[in-house]
Amino acid sequence: MLRSLCFAVLAMALFLAVASTAQTSAPAATPAAIPTTPVANHGAPAFDVNAAVNAYLAKMPPAEKARSDAYFEGGYWLLLWDFLVSAVVMWLLLRFRWSMRMRDLAARITRFSALQTAIYWIQFIVTVSVLTFPMTVYEGYFREHKYGLLNQTFGPWFRDQLVGLGVGVILGGILIIPLFWLVRKLGRSWWVWGAAVTILFFAFVSLIAPVYIAPLFNTYKSLAIAHIKDPILSMARANGIPATDVWEFDASRQSNRVSANVSGFGSTQRISLNDNLLNRCTLPEIETTMGHEMGHYVLNHSYKGLVMIGVVIVIAFAVLDWGIGFSLARWGEGWGVRDIKDVAVLPLAFLIFSAYGFLTTPVSNTITRSMEFEADMYGLNAARQPDGEANVDLMLGEYRKMEPGPVEEFLFFDHPSGRTRITAAMRWKAENPETASPEEMSREVFKTQ
Ligand SMILES: [Zn+2]
């Protein structure tokens, strides 16, 4: 769902792609960085971490591994293609003066500048969505079906896209109208305040997302299964989380992917788990997943993420201000774009943002991957289910390559790879041998695939 939303909310997508450059030097959470030598346990045979990791990896059938690798590696190229398609569309809007015409139409309809911006924005987002639709339908529908990762037929899938577009029209308007107001009022210093408004906008979207946006795509309800809910709430209390409820949502509407998340901001923060997790996983696997999500919550990852995104947004706006000035001086007249105050400049702004976001993808990936690894460690300590964790990591391998090279993981992974996560789980298990679970170790994870 996040992807369809992001696609529609183009402004958001670009900022999210840029997300967080503060920790460029943060090391990738590779297992090689930490010793994995066997640990002697009071005379018991040493637990061989690497052998335990390999035993888990061997549970994945070769055909399944090949499918997952092909799917994920194809995603590397999609990063490039998505950027190029978006760049070409923005260039077309400028070069053939479609952007200029949209602005002129808006000016004929109303003389109020805020309304003109809104009317331009609707024309812009609809045009861009139509022009990029072949890419969207390939990437989000046909390709997902090809790899067996989408449960939707075309009708419901297309309905989700339209809803995403509607959300994009409204949220994008809420951001773009004040941004252009700032440009017109403040002149040269607009970009500093523009960055501040954008940071506030992100906090606002996070705040309303679980209540007003997520329910447009899935049905959320209180988790009713007591033997699952009770241990989760117990773990929440033990970790100082004031939760009285756990949410469940019907992710199986879209796919069979196992997942859970923390969403919201301030009073709307909540932990939700998807029905695939409930249907496909054992209690230890659910517990370790919820421990991971509680880690995001306790470690304040949404606030830290906003601070890091804030740094990136300020840099992005400085680059934007410079890039617009540079480009308009050369090509502005040919495009029919008057100056930075002219709403017809928007395709250029998107082009600059997407180039910046594309180039900084490894940085934003490293930030999220580092936080995900922290949440993994928190989850292991909270749930104490290293074997359950390893099995969930295998399930995530259905759509994320299990064993990338270190450079590949650094560049392309927004979560740690399966091998990294299972290694962390087995290293933890080596130090806590009493938590070993023979049932989890022998469980066939892929039998129904
Ligand atoms: Zn996570």
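Residues numbered from 1 in each chain as written. Predicted model: local features only at pLDDT ≥ 70, side-chain atom pairs only at ≥ 80, totals over all residues. Heavy atoms only, no water.

### Overview of the overall build of the protein chain
Looking only at helices and strands, the protein chain features 19 helices and six strands. Looking at the protein chain residue by residue over its 449 residues, the buried ones come to 54%. Restricting to contacts in the protein chain with at least 6 residues of sequence separation, those with at least 24 account for 78%. (Helix = DSSP H or I, 4+ residues; strand = E, 2+ residues; numbered from the N terminus. Buried < 20%, exposed > 50% of the residue type's maximum accessible area, 1.4 Å probe, protein only. Contact = heavy atoms within 4.5 Å.)

### Considering a nonpolar patch on the surface
A cluster of nonpolar residues, Trp91, Phe96, Trp98 and Leu131, forms a patch on the protein surface that exposes about 380 Å² of accessible area. On the basis of relative accessible area, Trp91 is assigned to the partly exposed category, the value being 42%. (Patch = residues over 30% accessible without salt bridge, like charges linked within 9 Å, V, L, I, M, F, W, Y side chains within 5 Å. Areas by Shrake-Rupley, 256 points an atom, 1.4 Å probe, with all protein chains shown as cover. Salt bridge = Lys/Arg side-chain N within 4 Å of Asp/Glu carboxyl O.)

### Section: the nonpolar core
One finds Phe124, Phe317, Leu320, Ile324, Leu346 and Leu348 to be the most contacted residues of the largest nonpolar core, which totals 50 residues. Of all the secondary-structure elements, those providing two or more residues to this core are helix H4 (62-95), helix H6 (113-131), helix H8 (154-186), helix H9 (190-213), helix H13 (301-335) and helix H14 (346-359). Top contributing element to this core by residue count: H13, with 10 residues. Residues within four places of Leu348 in sequence aside, it is in contact with Leu94, Ile324, Ser327, Leu328 and Trp335. (Core = buried A, V, L, I, M, F, W, Y, C linked by side-chain atoms within 4.5 Å.)

### Some thoughts on the packing of aromatic side chains
A full pass over the atoms with the stated rule returns 26 aromatic pairs. When the centroid spacing of 5.3 Å and the interplanar angle of 85 degrees are considered together, the rings of Tyr141 and Phe154 count as edge-to-face. Of the two residues, Tyr141 sits in helix H7 (residues 133-146) while Phe154 sits in helix H8, which places them 13 residues apart along the sequence. Owing to a relative accessible area of 11%, Tyr141 belongs among the buried residues under this scheme. The class of Phe154 is partly exposed, set by a relative accessible area of 35%. When the ring of Trp322 is compared with that of Phe326, the centres are 5.2 Å apart and the planes differ by 25 degrees; the resulting orientation is stacked. Of this pair, Trp322 and Phe326 both sit in helix H13, four residues apart, roughly one helical turn. Owing to a relative accessible area of 59%, Trp322 belongs among the exposed residues under this scheme. Ring-pair connections join several aromatic residues into one group, and the members of that group are Phe133, Tyr141, Phe142, Phe154, Trp157 and Phe158. Geometry around Tyr399 places Arg257 over its ring, the cationic atom sitting 4.4 Å from the centre. Residue placement shows Arg330 over the ring face of Phe326; its charged tip is 3.8 Å from the ring centre. (Phe/Tyr/Trp six-rings, centres within 6.5 Å; stacked < 30°, edge-to-face > 60°. Lys NZ or Arg CZ within 6 Å of the ring centre and 35° of its normal.)

### Structural notes on the pairing of strand E6 (residues 270-274)
The element E6 is extensively covered by neighbouring structure, given that five of its five residues are classed as buried. Alternating residues of E6 divide into Arg270, Ser272 and Asn274 and Ile271 and Leu273, and every residue in both groups is buried. With three bridges joining them, strand E4 (residues 247-249) and E6 adopt parallel strand pairing. In the strand pairing of E6, Glu248 is matched with Leu273. Inspection of the sheet shows strand E5 (residues 260-263) paired to E6 by four bridges, in the antiparallel sense. By the bridge assignment, Asn261 is partnered in E6 with Ser272. (Pairing = 2+ DSSP bridges.)

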